[in-house]
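Given next are the chains, with one letter for each unit.
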Amino acid sequence: MKFVDEARIKVKAGDGGNGCLSFRREKFAPFGGPDGGDGGIGGSIFFITDQNLNTLVDFRFRKLFEAPRGQDGMGTQSTGRNGEDLVIRVPVGTLIYDNDTDELIADLNQPEQKIVSPKVDFMALEICILKSSTNRAPRKTTNGRPGEERNLRLELNY
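If you're wondering where the values come from, they're calculated on a predicted model, not measured in any experiment.

Draft legend 1. Broad picture of the nonpolar core. If you look at the biggest cluster of nonpolar residues, it comprises 19 residues, and the most contacted ones within it are Ile9, Val11, Phe47, Phe59, Ile88 and Leu154. Where this core is concerned, the elements lending two or more residues are β1 (6-12), β4 (45-50), β6 (86-91), β8 (104-108) and β10 (149-156). Excluding its chain neighbours within four sequence positions, the residues that come into contact with phenylalanine 59 are Ala7, Ile9, Phe65, Ile88, Arg89, Val90 and Leu154.

Take a look at the structure:
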């Protein structure tokens, strides 16, 4: 087995869910009104050090790590589910660099040390928030913003 002490990976935080365009229509509510929900927040990416690992061989064949996106909003002012966080385990002594700028992001030299990278983006707004006294039935929603993407270089430091 070959000892691997450097790896280049691409990480992407989860996209935010879209807002919902929905109107309330019930028998005893004749005028109804907007009742769409917010989209969910996309998942984050966490790097956690693990004492049982000693090489970066796990990153040799898997180069893309993507957190799940947030669920879209639903009717009856239901907010979409948030995306789950993605945990990447690295050995103690790992240096994380931004591959594009060569900036040192983190020095993970303690056991069970945890950092978040990249940032999570926010969810989309529901249609009820866009309602006002002059616009009582808005027909506009907002889309969830895409999560941040980064090219990273992992190095072992002994």
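Draft legend 2. Structural detail: the sheet that holds β8. Judged by pairing direction, the sheet is mixed, and its five strands sit side by side in the order β5-β1-β10-β7-β8 without closing on themselves. At either end of the open sheet lies a strand with only one pairing partner, and these are β5 (64-66) and β8. Neighbour to neighbour, the strand axes of the sheet diverge by 25 degrees on average, direction disregarded. In this structure, strand β7 (residues 94-98) lies alongside β8, joined through four bridges in antiparallel fashion. Its bridge partner being in β8, tyrosine 97 is matched across the sheet by leucine 104.

Draft legend 3. Looking closely at the pattern of salt bridges. Following the criterion strictly, the structure yields eight salt bridges and no others. The shortest N-O distance in the salt bridge between glutamate 149 and lysine 10 comes to 2.9 Å. Of this pair, glutamate 149 sits in strand β10 while lysine 10 sits in strand β1; the two residues are 139 residues apart in sequence, bridging distant segments of the chain. Take glutamate 149: its relative accessible area is 44%, and that puts it in the partly exposed class. A residue is classified by how much of its surface remains accessible, and lysine 10, at 33% relative accessible area, is partly exposed. A salt bridge links arginine 153 to aspartate 102, with the nearest nitrogen and oxygen atoms 3.0 Å apart. With arginine 153 in strand β10 and aspartate 102 in the loop between β7 and β8, this residue pair connects regions lying 51 residues apart in the sequence. On the basis of relative accessibility, which here comes to 11%, the residue arginine 153 falls in the buried class. Bridged by salt links that share partners, the residues Asp98, Glu148 and Arg150 form one connected network.

Cut-offs and rules
Residues numbered from 1 in each chain as written. Predicted model: local features only at pLDDT ≥ 70, side-chain atom pairs only at ≥ 80, totals over all residues. Heavy atoms only, no water. Core = buried A, V, L, I, M, F, W, Y, C linked by side-chain atoms within 4.5 Å. Buried < 20%, exposed > 50% of the residue type's maximum accessible area, 1.4 Å probe, protein only. Helix = DSSP H or I, 4+ residues; strand = E, 2+ residues; numbered from the N terminus. Contact = heavy atoms within 4.5 Å. Pairing = 2+ DSSP bridges. Axes fitted to C-alpha atoms, helices over the stretch in contact; angles between N-to-C directions. Salt bridge = Lys/Arg side-chain N within 4 Å of Asp/Glu carboxyl O.

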